[in-house]
Structures are given as C-alpha cells and as structure tokens.
Amino acid sequence: MIEIIPAIDIIDGKCVRLTKGDYASQTTYSPSPVDMVKRFVDHGFTRVHAVDLTGARLGHPSALTTLEKMAAVNGAHIEWGGGLKTDQDLRDLFNAGGSWAVIGSVAARQPLLFNHWLSRYGGDTMILGADMRDGRIAVSGWTADEEDLTADDLIHRFRPLGLSQVIVTDISRDGMLQGPNFDLYTTLRDTHPDIIFTVSGGISSMADIERLNTLGLHRVIMGKALYEGHITLSDLQKFSENAH
C-alpha cells in the first residue's frame, strides 16, 4: 500500500506553499509547522516531508530550530531538505532530530560530495531529491536548471553507492492541482525497479492517490491538496499507520 507523506514548506517559520516553485506565488497556510506535524501524527501519518525554502534559495539551512521543535513531536519522523551543502549542515540536521536528508543541488553539482554522504550515512538516510522541469534537473530552490542532467543520469550515477530512495518532483505540476505525471513515475519505476520512488507534484484528489496505489508506486507527498481541503486527513485514513 502506498505511503502518504504530508508536506510542510517553511518560510520565516510558517507553513507555506508555492506554485511551480515560484517564490512570488507564496500562500501562507499556518503559522506553526509544529502544530501541523502534531495533526499529521495524530492521524497516523508519522513521516513528514519538510523543506526549508529560505535555506534552499540562500544555499544554507535557515530553519533548523523549527526542525528541532517538529522532530520533538512524539512519533514524528522528518525528512528534511533545503540548503544542505556541507558536512556541517548534515551534522546540524541530524543533531536537530532530522531522520532523513533530502539532497538536490549537491547531488547535481557536487556528485563526489554526495557520494561521500551516501557512503557515510547510507541509502536508508540519504534521499536524492530530483526536481524536474521539462525533463531536466532544477537546483538552488528551483531557480536554476542543469541543462544536461536528467533524473536517470543521477540515479545511474549514485545507485552503485547505495542510493535507494528518490523523491521526484515535477515542477510544472507542483501546486497546480492538475494530477501527477503518471507516465513519468511509471517509467522511472520500470527502469529502476530497485529504487523507492516518492511521487511529488500535482496531487489533486483521492482518485490520484488510488491510481498511484494501483500502479504500485511506493510513496506520495501531499501538499496543496491537503492544505486547501481537496483531500482531508480523514479521507486518507485507510492509508495511515492507524489503519495497519
């Protein structure tokens, strides 16, 4: 059964969502990421995807104090991304209570460093964040593209080092509530059957979730559809830990 991973994007300590990664399109939904984590965990969704959007744009973490409070919620396990660029950034992340590190820009631009992190922390802890725009990898908070790099390229590069988890975000669908790019994810799944893929971007309805589950996708990140009430946590209850 597919695993539901609620998302929290953070700017200035508040829960926000962007549309297609555009910082100018910011909508603020809740002043307290910690309260959101408590809601998710209470409904049985203990793995939470969090992105430090300010950190992603600046190139260094800016919300680790918030992470520390989120991770302190009983039962919560946080996968965290945004601005993680150095060994010290990772140490700070794990010291703050993060369970997983989501790495995008470093994997694309400093592959030897990501190799080192995979070797040191393992594929159970390090997650490749493959953010895609028009089939190419986007970096630095989606403000720049790597013209000659695809998700396939990154997976082939890092799988020999133990890569096992990849979050693939279709930026063109992110925040649009138009449904995910099903063909993209099924192609990746078929090409790399040993990789656990997380679907990210475009979820609009329970029908999307049911279809992804039927297709055998492992995980899906839920963002705007949850925050705007298109899907409720109660709707998702059969996919939660409480139902298992």
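Residues numbered from 1 in each chain as written. Predicted model: local features only at pLDDT ≥ 70, side-chain atom pairs only at ≥ 80, totals over all residues. Heavy atoms only, no water.

Draft legend 1. Representation of the overall build of the protein chain within the structure. When helices and strands are tallied, the protein chain shows 10 helices and 12 strands. Computed over C-alpha atoms, the radius of gyration of the protein chain comes to 16 Å, within 12% of the 18 Å expected from 2.2 N^0.38 for 244 residues, which places it in the range of a compact globule. Oriented by its inertia axes, the alpha-carbon framework of the protein chain measures out at about 45 × 40 × 35 Å. Total accessible area on the protein chain stands at roughly 10,000 Å², and carbon and sulfur atoms take up 45% of it. Here the protein chain carries 22 positive and 31 negative side-chain charges, and the mean point of each set is 1 Å from the other. (Helix = DSSP H or I, 4+ residues; strand = E, 2+ residues; numbered from the N terminus. Rg over C-alpha atoms; globule rule 2.2 N^0.38 Å. Areas by Shrake-Rupley, 256 points an atom, 1.4 Å probe, with all protein chains shown as cover. Lys, Arg positive; Asp, Glu negative; His and termini not counted. Charge placed at Lys NZ, Arg CZ, Asp CG, Glu CD.)

Draft legend 2. Spotlight on the nonpolar core. In terms of nonpolar packing, the biggest core is built from 69 residues, with I8, I78, W80, I103, F114, I209 and L236 touching the most fellow members. Considering every element that reaches this core, the biggest residue donor is helix α1 (residues 33-42), with 5 residues. Setting aside residues no more than four positions away along its own chain, I209 makes contact with I2, I4, I203, V220, M222, I231, L236 and F239. (Core = buried A, V, L, I, M, F, W, Y, C linked by side-chain atoms within 4.5 Å. Buried < 20%, exposed > 50% of the residue type's maximum accessible area, 1.4 Å probe, protein only. Contact = heavy atoms within 4.5 Å.)

Draft legend 3. Here's a closer look at the side chain of S240. Following the sequence through the fold, S240 ends up in the segment after α10 (224-227). Polar side-chain contacts of S240 include one of 3.4 Å to the backbone oxygen of H43. (Polar contact = N/O pair within 3.5 Å; in protein donor to acceptor, adjacent residues only side chain to side chain.)

Draft legend 4. Seen up close, the packing of helix α4 (residues 87-95) against helix α6 (residues 111-121). Where α4 contacts α6, the two axes come as close as 11 Å, and the packing angle between them is 35°. Along this stretch, α4 crosses α6, giving a crossing that reads as right-handed. Listed contacts from α6 to D87, L90, R91 and F94 of α4 are L113, H116, W117, R120 and Y121. (Axes fitted to C-alpha atoms, helices over the stretch in contact; angles between N-to-C directions. Left-handed = near helix turned anticlockwise from the far one by under 90°.)

Draft legend 5. Just the pairing of strand β10 (residues 165-170), in detail. Among the 6 residues of β10, 6 are classified as buried, and the element is accordingly described as predominantly covered. Residues of β10 alternate between two faces, with Q165, I167 and T169 on one and V166, V168 and D170 on the opposite face, all of them buried. Sheet topology places strand β7 (residues 126-133) next to β10; 5 bridges connect them, and they run parallel. The partner of L128 across the bridge, within β10, is V166. Pairing geometry for β10 and strand β11 (residues 196-200), over 5 bridges, is parallel. (Pairing = 2+ DSSP bridges.)

Draft legend 6. Molecular detail of the confidence of the model for the protein chain. Overall, the predicted model of the protein chain reaches an average pLDDT of 90, with 94% of residues at or above 70. Element-level mean pLDDT values for the protein chain span from 52 in strand β9 (residues 144-146) up to 98 in strand β5 (residues 77-81). (pLDDT = per-residue confidence, 0-100.)

Draft legend 7. Examining the environment of D170 more closely. With respect to the secondary-structure elements, D170 resides in strand β10. Of the residues examined, D170 reaches a relative accessible area of 7% and is grouped as buried.

Draft legend 8. Local environment of the packing of aromatic side chains. In total, this model carries 3 aromatic pairs according to the counting rule given. Ring geometry for Y29 and Y227: centres 5.2 Å apart, planes at 35°, overall tilted. In this pair, Y29 is assigned in strand β3 (residues 22-30) and Y227 in helix α10, connecting sequence segments 198 residues apart. Y29 sits in the partly exposed class, given a relative accessible area of 24%. On the basis of relative accessibility, which here comes to 15%, the residue Y227 falls in the buried class. An angle of 45° between the planes, with centres 5.1 Å apart, marks the rings of F94 and Y121 as tilted. Of the two residues, F94 sits in helix α4 while Y121 sits in helix α6, which places them 27 residues apart along the sequence. What makes F94 partly exposed here is its relative accessible area of 22%. (Phe/Tyr/Trp six-rings, centres within 6.5 Å; stacked < 30°, edge-to-face > 60°.)

Draft legend 9. Representation of α1 within the structure. Among the residues of α1, P33, V34, M36, V37, F40 and V41 are the ones counted as buried. Angularly, the buried residues of α1 cover 155° about the axis, an arc narrow enough to put them on a single face. (Arc of directions from axis to C-beta.)

Draft legend 10. Summary view of the pattern of salt bridges. Under the definition given, this model contains 5 salt bridges. A salt bridge links E3 to R219; the nearest nitrogen and oxygen atoms lie 3.3 Å apart. Highlighted residues: E3 in strand β1 (residues 3-11) and R219 in strand β12 (residues 219-222), separated in sequence by 216 residues. The exposure class assigned to E3 is partly exposed, which follows from its relative accessible area of 30%. With a shortest N-O distance of 2.9 Å, D190 and R189 are connected by a salt bridge. By relative accessible area, D190 is classed as exposed at 53%. On the basis of relative accessibility, which here comes to 24%, the residue R189 falls in the partly exposed class. (Salt bridge = Lys/Arg side-chain N within 4 Å of Asp/Glu carboxyl O.)

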